[in-house]
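Report on the structure
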Amino acid sequence: MKRMWEVFRYELKRGGRRKGYLIATFGVPLIGLLLVVGIRLAGTLPAFNTTQMISQAMDQVNDAGISSAGLVDETGRFAPNVQPGGVLTVFPDEESAAAAMQAGRVEGNYIIPADYMETGTVTLVLPGMNLSDISSVPVKALIVSTLTQ
């Protein structure tokens, strides 16, 4: 038994001088402890407030300077959530949306294709190229409010 303690002491002294031994002995458990504490703290953070996020997005719509835009929803998922009298006006197809834009009733048209859920692509059609008119705020607000319901 005495020999066993001598060997244990010898290995402890010899191993205590190596970086790998110290990292394996103290570093790995310390990293695990930090992960557990981090997960616990993340669980106590305030919950994600969808209503607040939607109202912030709608505030951005008002700040974007866009007074009217058309929406062609080929998915059929977003058009029912458009509020009457709001920034977006729903059109059944691209031709009627283009006609409204030519008539000056809308400043531009957002086209949400049928494969939007796979691609995430939305097309913005403007009557002329003006970089200051490009804004995705109205359609982002609609998409966020629809997908978070």
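Just so you know, these numbers come straight off a predicted model, no measurement behind them.

1. What to know about the sheet that holds strand 1 (residues 69-73)
Pairing within the open sheet is mixed, and its 4 strands lie in the order 2-1-3-4. Each end of this open sheet is capped by a strand with a single partner; those strands are strand 2 (88-91) and strand 4 (123-125). The sheet shows a mean angle of 25° between the axes of neighbouring strands, taken without regard to direction. Pairing of strand 1 with strand 3 (residues 109-112), which is carried by 4 bridges, proceeds in the parallel orientation.

2. Thoughts on helix 4 (residues 94-103)
Among the residues of helix 4, those classed as buried are Ala 97, Ala 100 and Met 101. The buried residues of helix 4 occupy an angular sector of 100° when projected down its axis, which confines them to one face. Opposite the buried face of helix 4, by more than 90 degrees, sit the exposed residues Glu 95, Gln 102 and Ala 103. Just beyond helix 4, the residue with positive phi is Gly 104, at close to 85°.

3. Examining the side chain of Asp 73
Looking at the element boundaries, Asp 73 is found in strand 1. The charged side chain of Asp 73 is buried without a salt bridge, its nearest counter-charge being Arg 77 at 8.3 Å. Of note is the side chain of Asp 73, whose polar atom sits 2.5 Å from the side chain of Thr 75. Within polar-contact distance, the side chain of Asp 73 engages the backbone nitrogen of Arg 77 at 3.1 Å. What Asp 73 contacts, discounting residues up to four positions off in sequence, is Phe 78, Ala 79, Phe 91 and Ile 112.

4. Details of the side chain of Asn 109
Inspection of the secondary structure puts Asn 109 in strand 3. Residue class for Asn 109 comes out buried when judged on its relative accessible area of 3%. A distance of 2.9 Å separates the side chain of Asn 109 from the backbone oxygen of Ala 97, its partner in a polar contact. The residues touching Asn 109, leaving out its near neighbours within four places in the chain, are Gly 70, Phe 91, Ala 97, Ala 98, Met 101, Thr 123, Leu 124 and Val 125.

5. Considerations on the pairing of strand 1
When you tally the buried positions in strand 1, you get 5 out of 5 residues, the bulk of the element. Residues Ala 69, Leu 71 and Asp 73 line one face of strand 1 and the alternating positions Gly 70 and Val 72 line the opposite face, and both faces are buried. Where strand 1 lies against strand 2, 4 bridges are found, and the strand directions are parallel. Looking at strand 2, one finds that Ala 69 is bridged to Leu 88.

6. Examining the nonpolar core
Core analysis: the biggest nonpolar cluster contains 10 residues, these being Ala 69, Leu 71, Phe 78, Val 82, Leu 88, Tyr 110, Ile 112, Tyr 116, Leu 142 and Ile 143. Every element with two or more residues in this core is listed here: strand 1, strand 3 and helix 6 (137-147).

So, how was this worked out
Residues numbered from 1 in each chain as written. Predicted model: local features only at pLDDT ≥ 70, side-chain atom pairs only at ≥ 80, totals over all residues. Heavy atoms only, no water. Pairing = 2+ DSSP bridges. Helix = DSSP H or I, 4+ residues; strand = E, 2+ residues; numbered from the N terminus. Axes fitted to C-alpha atoms, helices over the stretch in contact; angles between N-to-C directions. Buried < 20%, exposed > 50% of the residue type's maximum accessible area, 1.4 Å probe, protein only. Arc of directions from axis to C-beta. Lys, Arg positive; Asp, Glu negative; His and termini not counted. Salt bridge = Lys/Arg side-chain N within 4 Å of Asp/Glu carboxyl O. Polar contact = N/O pair within 3.5 Å; in protein donor to acceptor, adjacent residues only side chain to side chain. Contact = heavy atoms within 4.5 Å. Core = buried A, V, L, I, M, F, W, Y, C linked by side-chain atoms within 4.5 Å.

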